[in-house]
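Structural description and commentary
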Amino acid sequence: MESIALDDIFIGKADGLTEAKRSDFVTLFYNGNKNYNLLKEDKSKFIISGRKGTGKTILAKYYEKEMLKDGGFVKFVNGNDILFRHVREIGPDDINDKYIASFIKYIILFEISTLILDHRGEIILKANVFQKIGLYRKIKELSKIIEDRRFEDNFSLESFSEEMRAKGNIDTKRKKIGSIHAEGERTKKKNYSKNSYFSIIDNLECRVLEIIKNISISIIFDDIDEYTEKIMDDQIFQLFLIKIIEIINEVNEDLENKTSGNSKIILLLRSDIIDSLQTKSSNINKIIIDSQILLNWIGTIDLANPENNPLFDLILTKIKNSNNKNN
């Protein structure tokens, strides 16, 4: 039996993003609890929860790598991304609670749209000959709506006015030098204002669902508590989290019913935040029960068979795979 040095054993890192950058990340990923299979195969599972440091981001990054390997497209969205979009669309103030649901829907559709535009060449390449022309046109239309929201379709006429003003001219045909006559000049003024984000949601949704009908995409929301802590008070914080779960659930149902790919919106959220929401709404409680994958490494320890504990199993698996990697 070959020996293995302690330096060769990799148990993991506290920062999931850092661990996911390792070249051997996929090899050392632990799937003994089958959480990845559950996330991939069960369409209703979209919430990855657990205490800080339990591996939510690691599971999501493994999902990303496997999906990319299968030809899908994935994008991570964090709290700062949402904060930037909030300030750009709404300003620095807290969002009105009446508009939270529409803002979340817009954020999801906006991120899917930018993911599509970032990979438009690959998406068109995947289409068959008969689909390419129509797909190219639809992506071009989506680009008109999204690209920095600068295009004409994102502005509407706010007011219109006409005015007459006198214009003095020197009449050179008259014999008297300096003879002047006045003529009227009509001018038009049109004032445009940028369309609100919720006015383009239906158009965005229609274009997105048409384009991703036969491909697989995923948007993964991570560290959204960074956004809510910076921009919202406690009451709106709770409402925002409840609404983001409800809206993601609705969008995922549309993706399942209206597209043929393996598309899904995924939310990473601390379990203590999840627990605080379940007392606020009976409806959200039902969604969480059906949609949650809870990462919990601390269970009842069987002293006779300690390897049955998921934490021990993880450590043993890491040791084994570290050893195999070096053989």
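Residues numbered from 1 in each chain as written. Predicted model: local features only at pLDDT ≥ 70, side-chain atom pairs only at ≥ 80, totals over all residues. Heavy atoms only, no water.

**Describing the pairing of strand β1 (residues 47-50)**
Quick note on the threshold: Per-residue accessibility, obtained with a 1.4 Å probe over protein chains only, is compared with the maximum for each type, and a residue is labelled buried under 20%, exposed over 50%, and partly exposed between these values. Labels follow the DSSP assignment, with helices taken as runs of H or I lasting at least four residues and strands as runs of E lasting at least two, numbered in each case from the N terminus. Pairing between two strands is assigned when DSSP locates at least 2 bridges connecting them.
Judged by which residues are buried, β1 turns out to be covered on both faces: Ile47 and Ser49 on one side and Ile48 and Gly50 on the other are all buried. Pairing of β1 with strand β6 (residues 264-270), which is carried by four bridges, proceeds in the parallel orientation. For Ile48, the partnering residue across the bridge sits in β6 and is Leu268. Examined bridge by bridge, β1 and strand β7 (residues 292-295) share four bridges and lie parallel to one another. Counted as the bridge partner of Ser49 is Leu294 from β7.

**Looking at the packing of helix α11 (residues 234-258) against helix α13 (residues 282-291)**
Applied cut-off: Orientation is described by lines fitted to C-alpha atoms, with helices fitted over the stretch in contact, and by angles between N-to-C directions that extend from 0 to 180 degrees. Oblique is the label for every angle not falling under 35 degrees (roughly parallel), over 145 degrees (roughly antiparallel), or within 65 to 115 degrees (roughly perpendicular). Working rule for handedness: look at the near helix, and if it is turned counterclockwise from the far one by less than a right angle, call the crossing left-handed; if clockwise, right-handed. Throughout, a contact is declared for two residues whenever any of their heavy atoms are within 4.5 Å. Residues are grouped as follows: Ala, Val, Leu, Ile, Met, Phe, Trp, Tyr, Cys and Pro are nonpolar; Asp, Glu, Lys and Arg are charged; all remaining types, including Gly, are polar.
Here α11 crosses α13 at 60 degrees, and the two axes come no closer than 10 Å. In this view, α11 runs oblique relative to α13, as classed from their interaxial angle. Relative to α13, α11 is oriented so that their crossing is left-handed. Residues Ile242, Ile245, Glu246 and Asn249 of α11 form the contact with α13, whose own contacting residues are Asn283, Ile284, Ile287, Ile288 and Ser291. Of the residues in the contact of α11 with α13, the class split is five nonpolar, three polar and one charged.

**Considerations on the pairing of β6**
Of all the seven residues making up β6, six are buried; the element is thus mostly covered by neighbouring parts of the structure. Direction of pairing for strand β5 (residues 217-221) relative to β6: parallel, over a ladder of four bridges. Bridged to Ile219 within β6 is Ile265.

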